[in-house]
Amino acid sequence: MEAWKVWTASSHPLKQLIHLASSTTRRRTFPRFIVTCCSPPTTTAAGGSMVAGRNRRASSSSSTSDREAIRAIRLKKVEELRNKGLEPYAYKWDRTHTANQLQDIYRDLGNGEELNSGSDHVSIAGRIVARRAFGKLAFFTLRDDSGTIQLYCEKERLLNEQFEQLKTLVDIGDLLGVSGSIKRTEKGELSVYVNSFAILTKSLLPLPDKYHGLTDMDKRYRQRYVDMIANPEVADIFRKRAKIVSAIRRTVELSGFIEVETPVLQGAAGGAEARPFVTYHNSLGRDLYLRIATELHLKRMLVGGFEKVYEMGRIFRNEGISTRHNPEFTTIEMYEAYSDYESMMNMAEEIVTQCALAVCGKLTIDYQGTEICLERPWRRETMHNLVKEATGIDFNELGNDLKVAKEITLRAPGIGHDSKDKSSIEACTSVGHLLNEVFEIVVEPQLLQPTFVLDYPIEISPLAKPHRRHAGLTERFELFICGRELANAFSELTDPMDQRGRLEEQVRQHNEKRAAVVPKPDRAEEKTTKNEDDDAYEVTLDDDFLTALEYGMPPASGMGLGVDRLVMLLTNSASIRDVIAFPVLKVQQ
């Protein structure tokens, strides 16, 4: 009846999952105490001991009363450990192996075999995610960064009161250090036959309920640390992300690129058209902006004499949150002197395919039920041709008559039926803007397979070089996969006077929009709409960048590639929040 004593002594107030083998019948049999946690794919329960009620749907173990009851009991266990002269928060533990290493080394060990030689004595450490007690035997599942392994604990094997301490003081969620020999049970489970153990960290709060798990998506994002314990596959996404980042660096550096660092705090937010975060520097007495791109400082490096540079880092944009957008995200931007945008298409193909091979081991992958083929070469097509193919409208024939172009566009099949799309089209200020709007509405969602979209209108590409053959266009491409932009690249504009004129025009247009949404005195208390608020920020000209161009920047190509979206693609993740460990969220009420 020892297991029952453990339950009554340590877990009476807890509402967790307990199975007593003797509960289904009144015949006198040895009571069996089973606790399980975190067994994927269903996430698991975990407190010191489990909740009653096999046939009743247990309420969430994270309720305040349950959590506080469990925490109080575990705090008493911390005190009890210290009273016994045992430190529940250790300084270190010397490991000889990880769980996965043991599984690999002893994969050929037969059922029922035990190895007792000195070389087979091992020391491991990790979190307890499951436990079962049978009187003089107890089984624990230990998980470390590499995987899981069973702990086989026998009363006669452990010294003094260690077995009772193991049963009464060790809870699911605790971090344990264990030493012992290797054994495979009769049922084929490789185990560490425990000689001694130590509690390395005493967990105070319960892990999620076995049957309900941590399924609240908002809570999963807020408490990612619990999410990774309860759902081990989540941690695998971040391991894959690390591989992708390494593969990107390896690929570009093999091509001769040098990684540099540029300021996060900037005097002018340039390199993109986006609302910046603004902060104030007390000592300097001035506003500073969190960077919205790394572009302008990387181009300064080219002016300074570097020929191949890149930076992988965080970008900050004070804009909306969605499954594709987070206010802070990771990009790689790179610039190569004496090349044009054709070079960056080749580099984009190389980066994505190398990352796919590093993480997936193949170039045909599944993304949300769609098979994506990353075999090179990828399709390359102009924006004009893609729009004509999808809508029948040839923007090359429309000239610069914006009114006529809008009328023809709104009559085209599949365009203008949605009121939001119609208002977006009517708001366009040039034929180039209109072409891009039609592309985004009609074409972009259909670009599932890798496609380079070439030659964007000059109105929406203020940093790109004019197209050498087609007036009104630029040498610019964007890469789309699964209907999402993955990369953006130019033959870079190096003419300082042309660049100044375009940036000044961009500032002028923005200030006109901004002026239109500034509340008039009689409307001062009216609430602005979201779109109005998006334009109500100041855009400043980066004069130092323009000065740098006047010293001379070599012909160059440049590209920005979204690392988060690439990770989404290669890990089959539906939301950007799934691939950012700690995404920005709304304030919890």
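Residues numbered from 1 in each chain as written. Predicted model: local features only at pLDDT ≥ 70, side-chain atom pairs only at ≥ 80, totals over all residues. Heavy atoms only, no water.

Caption draft 1: Fine view of the pairing of strand E12 (residues 286–290). Pairing of strand E10 (residues 265–266) with E12, which is carried by two bridges, proceeds in the antiparallel orientation. Bridging across to E12, Leu265 finds its partner in Leu290. Adjacent in sequence and paired antiparallel, strand E11 (residues 278–281) and E12 are bridged by four residues, among which Gly285 carries a positive phi angle near 65°. (Pairing = 2+ DSSP bridges. Helix = DSSP H or I, 4+ residues; strand = E, 2+ residues; numbered from the N terminus.)

Caption draft 2: Region of interest: the pattern of salt bridges. Under the definition given, this model contains 37 salt bridges. A salt bridge links Arg300 to Asp544, with the nearest nitrogen and oxygen atoms 2.9 Å apart. Pair noted here: Arg300 is in helix H8 (residues 295–303) and Asp544 is in helix H16 (residues 543–550), with a separation of 244 residues, a long-range link. For Glu336, the salt bridge goes to Lys308, with nearest N and O atoms at 3.8 Å. Residue Glu336 is found in strand E14 (residues 328–337), and its partner Lys308 is found in strand E13 (residues 308–316); the two are separated by 28 residues along the sequence. (Salt bridge = Lys/Arg side-chain N within 4 Å of Asp/Glu carboxyl O.)

Caption draft 3: Local environment of unusual backbone geometry. Here the bond from Arg376 into Pro377 is cis, since omega is 0°, no more than 30 degrees from zero. Relative to the helices and strands, Pro377 resides in the loop between strand E16 (370–373) and strand E17 (379–382). One non-glycine residue, Cys482, lies in the positive phi region at around 55°. By the secondary structure assignment, Cys482 is in the loop between strand E19 (476–481) and strand E20 (484–491).

Caption draft 4: How the structure looks around the packing of aromatic side chains. The full count for this structure, using the stated rule, is eight aromatic pairs. Ring geometry for Tyr152 versus Tyr193: centroids 4.9 Å apart, planes at 85°, classification edge-to-face. Of this pair, Tyr152 sits in strand E6 (residues 148–154) while Tyr193 is found in strand E8 (residues 190–201), placing the two residues 41 residues apart along the sequence. Taken together through their ring pairs, the aromatic side chains of Phe134, Phe139, Tyr152 and Tyr193 make up a single cluster. Arg476 extends its terminal NZ or CZ atom over the ring of Tyr456, reaching a point 4.4 Å from the ring centre. (Phe/Tyr/Trp six-rings, centres within 6.5 Å; stacked < 30°, edge-to-face > 60°. Lys NZ or Arg CZ within 6 Å of the ring centre and 35° of its normal.)

Caption draft 5: Main features of the packing of helix H11 (residues 402–411) against helix H12 (residues 419–426). Close contact between H11 and H12 brings their axes to 10 Å; oriented N to C, the two are set at 165°. The angle between H11 and H12 places the two elements in the roughly antiparallel class. Crossing hand, H11 versus H12: right-handed. Residue-level contacts link Lys406, Thr409 and Leu410 of H11 to Lys422, Ile425 and Glu426 of H12. Class assignment for the residues of the contact of H11 with H12 results in two nonpolar, one polar and three charged. (Axes fitted to C-alpha atoms, helices over the stretch in contact; angles between N-to-C directions. Parallel < 35°, antiparallel > 145°, perpendicular 65-115°, else oblique. Left-handed = near helix turned anticlockwise from the far one by under 90°. Contact = heavy atoms within 4.5 Å. Nonpolar A, V, L, I, M, F, W, Y, C, P; charged D, E, K, R; others polar.)

Caption draft 6: Quick peek at the environment of Thr294. Mapped onto the fold, Thr294 is located in the loop between E12 and H8. Residue Thr294 is classed as buried on the basis of its relative accessible area of 2%. Ignoring anything within four residues of it in the chain, the contact list for Thr294 reads Thr262, Glu311, Ile315 and Glu333. (Buried < 20%, exposed > 50% of the residue type's maximum accessible area, 1.4 Å probe, protein only.)

Caption draft 7: Expanded view of the side chain of Thr330. Relative to the assigned elements, Thr330 resides in strand E14. Side chain to side chain, Thr330 and Arg241 meet in a polar contact 3.3 Å long. Excluding residues that lie within four positions of it along the chain, Thr330 makes contacts with Arg241, Met312, Gly313, Arg314, Leu561, Gly562, Val563 and Asp564. (Polar contact = N/O pair within 3.5 Å; in protein donor to acceptor, adjacent residues only side chain to side chain.)

Caption draft 8: Focus on the sheet that holds E13. The eight strands lie next to each other as E9-E13-E14-E21-E20-E19-E18-E17, forming an open sheet whose pairing is mixed. Looking at the sheet topology across the chains shown, the edges are occupied by strand E9 (258–259) and E17. Each of E14, E17, strand E18 (451–454), E19, E20 and strand E21 (556–562) is contacted by helix H9 (residues 341–359), which is oriented at about 30° to E21, the strand it contacts most.

Caption draft 9: Seen up close, the nonpolar core. Counting 47 residues, the largest nonpolar core has Met334, Leu374, Met559 and Leu566 as the members making the most contacts within it. Residue contributions to this core peak at ten residues, all from H9. Met334 has contacts with Val252, Phe257, Val309, Tyr310, Met344, Met347, Ile351, Ser557, Gly558 and Met559, leaving out every residue within four places of it along the chain. Tyr106, Phe140, Leu151 and Cys153 belong to the second-largest nonpolar core, a separate cluster that totals 27 residues. (Core = buried A, V, L, I, M, F, W, Y, C linked by side-chain atoms within 4.5 Å.)

Caption draft 10: Just helix H13 (residues 431–443), in detail. For H13, which comprises 13 residues, the first-to-last C-alpha distance of 17 Å matches the rise-based estimate of 18 Å (1.5 Å per residue) to within 8%. Within H13, eleven of the 13 residues are buried, leaving the element largely enclosed by the surrounding structure. Val431, Gly432, Leu434, Leu435, Asn436, Glu437, Val438, Phe439, Ile441, Val442 and Val443 are the residues of H13 that are buried. Structurally, H13 contributes buried residues whose contacts are with helix H10 (383–391), H11, H12, E18 and E19. (Expected span 1.5 Å × (residues − 1).)

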